[in-house]
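Descriptive structure summary
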Amino acid sequence: GAGVSQSPSNKVTEKGKDVELRCDPISGHTALYWYRQSLGQGLEFLIYFQGNSAPDKSGLPSDRFSAERTGGSVSTLTIQRTQQEDSAVYLCASSLGGSLLYEQYFGPGTRLTVT
Amino acid sequence: AQSVTQLDSQVPVFEEAPVELRCNYSSSVSVYLFWYVQYPNQGLQLLLKYLSGSTLVKGINGFEAEFNKSQTSFHLRKPSVHISDTAEYFCAVSPSNTGKLIFGQGTTLQVKP
């Protein structure tokens, strides 16, 4: 079946602009995660959604970052007033459930470049 | 807070040689440990995981890892590597049973012919 998809695959934006990154998880997966992969910081957890529970936002680096998950499926990560340090590959993953028993499947990522 | 340290940023090795990629973690509570691989231009893929039970965990592609609680380590090993094992390898720990992962900085394994 189809895996996790993310769009766009590449995004170049000017400093100060807002961007939206989209993640389509595997159908039926109730848990969805966002991570960021950058040269300076490695792979960082950003936010986690599980079913109808309140999301775990503990990894969001600032209040310029927000994410939502509509209808328990598609998720959008929004970065407001982008800064150059936001340049990174943003990865989305989904799993059948929120427990560690379930493997996380990662998407190909969105490469964000802030000029 | 939990953290993961991958001691080597790059590991060059010749084909058919054994390899060990080192990972140490810090945690004061129950530990759940993972190794992920990222092949060039591909997404992250789970290699293996330790949740409980036997401390020796076998994964895909001939890799295995051993959980050592006294040394707080979870080193990844393969007895004989192939060119196709060239990739970046990430060790990760989960601070709870929610699936949220804390990753190490990654180790680039470069297999030479």
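Up top you'll find the structure we're talking about.
Report on the accompanying structure.

Check the secondary structure of chain A and you find zero helices and 10 strands. Across chain A, helices and strands are ordered from the amino to the carboxyl terminus as β-β-β-β-β-β-β-β-β-β. Here chain A has a C-alpha radius of gyration of 13 Å; the compact-globule value for 115 residues is 13 Å, and the two agree. Dimensions along the principal axes, computed over C-alpha positions, put chain A at roughly 40 × 30 × 25 Å. Scored against the burial criterion, the 115 residues of chain A give a buried share of 49%. In chain A, of all internal contacts separated by at least 6 residues, the share reaching a separation of at least 24 is 56%. Put simply, chain A shows about 5600 Å² of open surface, and 45% of that area lies on carbon and sulfur atoms. If you average the places of the 10 positive and of the 11 negative side-chain charges in chain A, the two averages end up 4 Å apart.

This part covers the nonpolar core. Residues and elements named next belong to chain B. Ranked by size, the top nonpolar core spans 28 residues in total, and within it W35, L48, L76 and Y89 carry the most contacts. Looking at this core, the element that brings in the most residues is strand 10 (residues 87–94), giving four residues. Apart from residues no more than four positions distant in its own chain, Y89 is found in contact with Q6, L21, W35, Y36, V37, L47, F63, L76, G106, T107 and L109.

A word on the state of the cysteines. All names here are of chain A. Overall, the coordinates contain two disulfides over all chains when judged by the stated rule. Between the sulfur of C23 and that of C92 lies a disulfide, 1.9 Å long from S to S. Residues C23 and C92 are joined by a disulfide whose S-S torsion is about -65 degrees; by sign, that bridge is left-handed. Of the two residues, C23 sits in strand 3 (residues 19–24) while C92 sits in strand 8 (residues 88–95), which places them 69 residues apart along the sequence.

Each value, and the rule that gives it
- Residues numbered from 1 in each chain as written.
- Chains lettered and ligands numbered in written order.
- Predicted model: local features only at pLDDT ≥ 70, side-chain atom pairs only at ≥ 80, totals over all residues.
- Heavy atoms only, no water.
- Helix = DSSP H or I, 4+ residues; strand = E, 2+ residues; numbered from the N terminus.
- Rg over C-alpha atoms; globule rule 2.2 N^0.38 Å.
- Buried < 20%, exposed > 50% of the residue type's maximum accessible area, 1.4 Å probe, protein only.
- Contact = heavy atoms within 4.5 Å.
- Areas by Shrake-Rupley, 256 points an atom, 1.4 Å probe, with all protein chains shown as cover.
- Lys, Arg positive; Asp, Glu negative; His and termini not counted.
- Charge placed at Lys NZ, Arg CZ, Asp CG, Glu CD.
- Core = buried A, V, L, I, M, F, W, Y, C linked by side-chain atoms within 4.5 Å.
- Disulfide = S-S within 2.5 Å.

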